[in-house]
Amino acid sequence: MRMEAPVLVFNEVYHMDCRVGLEKVRDDAVQLIVTSPPYADSRKRSYGGVAPDQYVEWFLPIAAQLRRVLRPDGTFILNIKEKVVGGERHPYVLELILALRREGWLWTEEFIWHKKNSFPGKWPNRFRDSWERCLQFNRRREFYMDQDAVRVPMGDWARQRLRRLSTTDRLRDNSHVGSGFGKRVANWVGRTLAYPTNVLHLATETGNRGHSAAFPRALPNWFIRLFSRPGDRVLDPFMGVGTTALVAQELGREFLGFETDGEYCALAKAQLAQEAHALARRRA
Ligand SMILES: C[S@@+](CC[C@H](N)C(=O)[O-])C[C@H]1O[C@@H](n2cnc3c(N)ncnc32)[C@H](O)[C@@H]1O
């Protein structure tokens, strides 16, 4: 008799290698994946780096599982950054993007996370890194996205720009390169909210989080509001101290996380329980 692999429950984080854990998740189970895997070769001593030349080979089987568990209209956000090897940027992230496309993923968008609190630094041939990629992949061209959920205050530019409108500002100005896009600046008069750009200006917050590479909460918060509805399921297969899970819980989504380091996993569990208690008290 064939034994079925047990299925994992949601609203739980597991001290488990995601390569094992993902096999226990049903097809089409999650709406959104937000994750930051170990970058190539980095932090070898704390959580095992993968050599840049082997990164694609290591990641592809995991990506195949992620594709299987993602709903057809779901989104996968991959936070990653190239490292410098021998004085130049290693192209493993670019190679990974091309390999994922060959596996059937659509590379839909690229968001830049600008770490706005980076302190100054200089090396002989480069300056401080203060941004990372957040790559968006989808299974299909039609995916769930709530753009209104992430609107931002119009900002000071509007006061200046919209004070005196030209004739062109009052007309629809179609793209001159034939993209089909166009703009009518006058449409923004009287509005208080605008859509953001694809650059996220967010400070890092690793100080008292117990993990040297934890997400700032605002990062998963933005993607979860944009790409999922309340009640949807959010997965982080490399969850560290569980930032994605914590924010998913706060926003009323279900969550699932995997982490190989027992201490990080214990920290995530403790924080999730503490915040669930506080949320329940606030709602009572
Ligand atoms: C960049 S950190 C993620 C930090 C996380 N975003 C947070 O906010 O805490 C990557 C994590 O993946 C974990 N990890 C590495 N290999 C793993 C694997 N095969 N399965 C699950 N977790 C893994 C590491 O221990 C590390 O904590």
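Before reading on, note that the structure itself is shown above.
Read on for a plain summary of the structure. (Residues numbered from 1 in each chain as written. Predicted model: local features only at pLDDT ≥ 70, side-chain atom pairs only at ≥ 80, totals over all residues. Heavy atoms only, no water.)

### Quick look at unusual backbone geometry
At Asn11, a position not held by glycine, the phi torsion is positive, near 55 degrees. Relative to the assigned elements, Asn11 resides in the segment before β1 (12-15). At Asp28, a position not held by glycine, the phi torsion is positive, near 55 degrees. For Asp28, the position within the fold is in the loop between α1 (18-21) and β2 (30-35). (Helix = DSSP H or I, 4+ residues; strand = E, 2+ residues; numbered from the N terminus.)

### What about the pattern of salt bridges?
Tallied over the full model, the rule gives 17 salt bridges. Note that Glu110 and Arg133 form a salt bridge whose closest N and O atoms lie 2.4 Å from each other. Linking Glu110 in strand β6 (residues 106-115) with Arg133 in strand β9 (residues 131-138), this pair joins segments that are 23 residues apart in sequence. Judged by relative accessible area, Glu110 falls into the partly exposed class, the value being 21%. The exposure class assigned to Arg133 is buried, which follows from its relative accessible area of 11%. Connected via shared salt-bridge partners are Arg71, Asp73, Arg229 and Asp232. (Salt bridge = Lys/Arg side-chain N within 4 Å of Asp/Glu carboxyl O. Buried < 20%, exposed > 50% of the residue type's maximum accessible area, 1.4 Å probe, protein only.)

### Remarks on the site of the ligand
Looking at the ligand, there are 21 residues lining it, with Cys18, His211, Phe215, Thr243 and Glu259 nearest. Between the ligand and the protein, one listed contact pairs an oxygen atom with a backbone N or O atom of Phe215 at 2.9 Å. In this structure, Val241 approaches the ligand through a main-chain N or O atom, which is 2.9 Å from an oxygen atom. Contact with the protein chains covers 97% of the free accessible surface of the ligand, which is 600 Å². Tallied by class, the residues present in the shell around the ligand amount to 14 nonpolar, five polar and two charged. (Near = heavy atom within 4 Å. Polar contact = N/O pair within 3.5 Å; in protein donor to acceptor, adjacent residues only side chain to side chain. Areas by Shrake-Rupley, 256 points an atom, 1.4 Å probe, with all protein chains shown as cover. Nonpolar A, V, L, I, M, F, W, Y, C, P; charged D, E, K, R; others polar.)

### Concerning the nonpolar core
Ranked by internal contacts, the top residues of the largest apolar core, which has 37 residues, are Tyr55, Phe59, Leu66, Phe76, Ile80, Leu235 and Phe258. Elements that contribute at least two residues to this core include exactly β2, α3 (55-69), β3 (70-80), α4 (92-102), β9 and β16 (254-259). No other element matches the eight residues that α3 contributes to this core. In contact with Phe59, other than residues within four places in its own chain, are Pro37, Leu66, Phe76, Leu78, Leu96 and Phe238. By size, the runner-up hydrophobic cluster in this structure holds 27 residues, among which are Val13, Leu202, Trp222 and Leu272. (Core = buried A, V, L, I, M, F, W, Y, C linked by side-chain atoms within 4.5 Å. Contact = heavy atoms within 4.5 Å.)

### Concerning the packing of aromatic side chains
Aromatic ring pairs are described here by two measures, namely the spacing of the ring centres and the angle between the planes. Summed over the entire model, instances satisfying the criterion amount to 14 aromatic pairs. Their ring planes at 35 degrees and their centres at 6.1 Å tell us that Tyr14 and Phe258 sit as a pair that is tilted. Of this pair, Tyr14 sits in strand β1 while Phe258 sits in strand β16, placing them 244 residues apart in sequence. Tyr14 sits in the buried class, given a relative accessible area of 16%. A relative accessible area of 0% places Phe258 in the buried class. Ring geometry for Tyr55 against Tyr92: centres 4.7 Å apart, planes inclined by 55 degrees, an arrangement best described as tilted. Of this pair, Tyr55 sits in helix α3 while Tyr92 sits in helix α4, placing them 37 residues apart in sequence. Comparing Tyr55 with Tyr92, the two get one shared label, buried. Through successive ring pairs, a cluster of aromatic residues spans Tyr55, Trp58, Phe59, Tyr92 and Phe238. Across from the ring centre of Phe119, 4.3 Å away, lies the NZ or CZ of Arg128, which sits over that ring. (Phe/Tyr/Trp six-rings, centres within 6.5 Å; stacked < 30°, edge-to-face > 60°. Lys NZ or Arg CZ within 6 Å of the ring centre and 35° of its normal.)

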